[in-house]
Amino acid sequence: DSVWGSALKQAVRRVYPGFNESYYGYTSFSQLLKDIEKHLPERIDNYYEPFIGGGALLFHLQPRKAVINDTNAELVNLYRVIKENPEGLIEDLKT
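Rules and cut-offs
Residues numbered from 1 in each chain as written. Predicted model: local features only at pLDDT ≥ 70, side-chain atom pairs only at ≥ 80, totals over all residues. Heavy atoms only, no water. 1 Å grid on protein atoms, 1.4 Å probe; cavity = no way out; pocket = protein on both sides within 12 Å on 5 of 7 lines; lining within 4 Å. Points joined across faces, edges and corners; volume = space filled by probe spheres on them. Helix = DSSP H or I, 4+ residues; strand = E, 2+ residues; numbered from the N terminus. Nonpolar A, V, L, I, M, F, W, Y, C, P; charged D, E, K, R; others polar. Patch = residues over 30% accessible without salt bridge, like charges linked within 9 Å, V, L, I, M, F, W, Y side chains within 5 Å. Areas by Shrake-Rupley, 256 points an atom, 1.4 Å probe, with all protein chains shown as cover. Salt bridge = Lys/Arg side-chain N within 4 Å of Asp/Glu carboxyl O. Buried < 20%, exposed > 50% of the residue type's maximum accessible area, 1.4 Å probe, protein only. Expected span 1.5 Å × (residues − 1). Polar contact = N/O pair within 3.5 Å; in protein donor to acceptor, adjacent residues only side chain to side chain. Pairing = 2+ DSSP bridges.

Engineer: A description of the layout of surface pockets should follow, citing residues and the corresponding values.
Structural biologist: Empty space within the largest pocket amounts to approximately 410 Å³. As for the largest pocket, its lining consists of 13 residues, and the residues nearest its centre are Leu58, Ala66, Ile68, Tyr79 and Lys83. The set of elements that each furnish at least two residues to the lining of the largest pocket consists of α3 (56-61), β3 (65-68) and α4 (73-84). Its residues assigned to classes, the lining of the largest pocket shows 9 nonpolar, 1 polar and 3 charged. Considered as a void within the structure, the second largest pocket measures approximately 250 Å³ in volume. If you list the elements that add at least two residues to the lining of the second largest pocket, you get α1 (5-15) and α2 (29-37). Across the lining of the second largest pocket, the residue classes tally to 9 nonpolar, 1 polar and 1 charged.

Engineer: I'd like a rundown of a nonpolar patch on the surface, residues and numbers included.
Structural biologist: Taken together, the side chains of Val15, Tyr16, Tyr23 and Tyr24 define a hydrophobic patch exposed on the protein surface, amounting to about 520 Å² of accessible area. With respect to the secondary-structure elements, Val15 resides in helix α1. On the accessibility criterion, Val15 (58% relative accessible area) is exposed.

Engineer: An account of α4 is requested, with residue identities and associated values reported.
Structural biologist: Relative to the 16 Å expected for 12 residues at 1.5 Å per residue, α4 spans 16 Å between its end C-alpha atoms, a close match to the ideal helical length. The N-cap of α4, judged by a side-chain oxygen 3.0 Å from the amide nitrogen of Glu74 a few residues on, is Asn72.

Engineer: Explain the pattern of salt bridges to me, using residue names and the numbers behind them.
Structural biologist: Any two side chains of opposite charge can pair if their charged atoms end up close together. On inspection of all chains with the given rule, the structure shows 4 salt bridges. Between Arg64 and Asp45 there is a salt bridge; the shortest N-O distance is 3.4 Å. One end of the pair, Arg64, is in the loop between α3 and β3; the other, Asp45, is in the loop between α2 and β2 (46-49), and 19 residues separate them in sequence. Taking the shortest distance from any N to any O, the salt bridge between Glu91 and Lys94 comes out at 3.4 Å. Remark: Lys94 and Glu91 occur in helix α5 (residues 86-94); sequence separation between them is 3 residues, near one turn of the helix. For Glu91, a relative accessible area of 45% gives the class partly exposed. Linked through salt bridges whose partners overlap, the residues forming this network are Arg43, Asp45 and Arg64.

Engineer: Explain the pairing of β2 to me, using residue names and the numbers behind them.
Structural biologist: Residues Tyr47 and Glu49 line the buried face of β2, whereas the alternating positions Asn46 and Tyr48 sit on a face that is not buried. Looking at chain direction, strand β1 (residues 2-4) and β2 are connected through 3 bridges and run parallel. Opposite Trp4, over in β2, you have Tyr48 as the bridge partner. Where β2 meets β3, 4 bridges bridge the pair, whose relative direction is parallel. Residue pairing in the sheet places Tyr47 in a bridge with Ala66 of β3.

Given below as C-alpha cells:
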C-alpha cells in the first residue's frame, strides 16, 4: 500500500477545520502519530511526502521506499545529504 504523508494531517484538518493537536491532549504532531498509525495499512511499500517539513511521519513509519519533497530547497538538500553522506555531515557539524 501507499501513503501520502501530508494528506493525513490535511485530511484531519478538513474534517475538523479547527483541529489543534494541543486541544486534544497532544503536545505535537509526533504524539498524534500513534493514533494515526492505527488507521494506516500494516505494510507500507511506498510513502509520498510532498511537504516533508520535520519528517515526523516518515521517520515514525520508516517505509521501505519514500519519495519526499518540499518547497524549501535547502531542507530538501539537507535530507539528501543525510541520506547520501551522513558521515560527512557529522564531520562538518563537528567543526
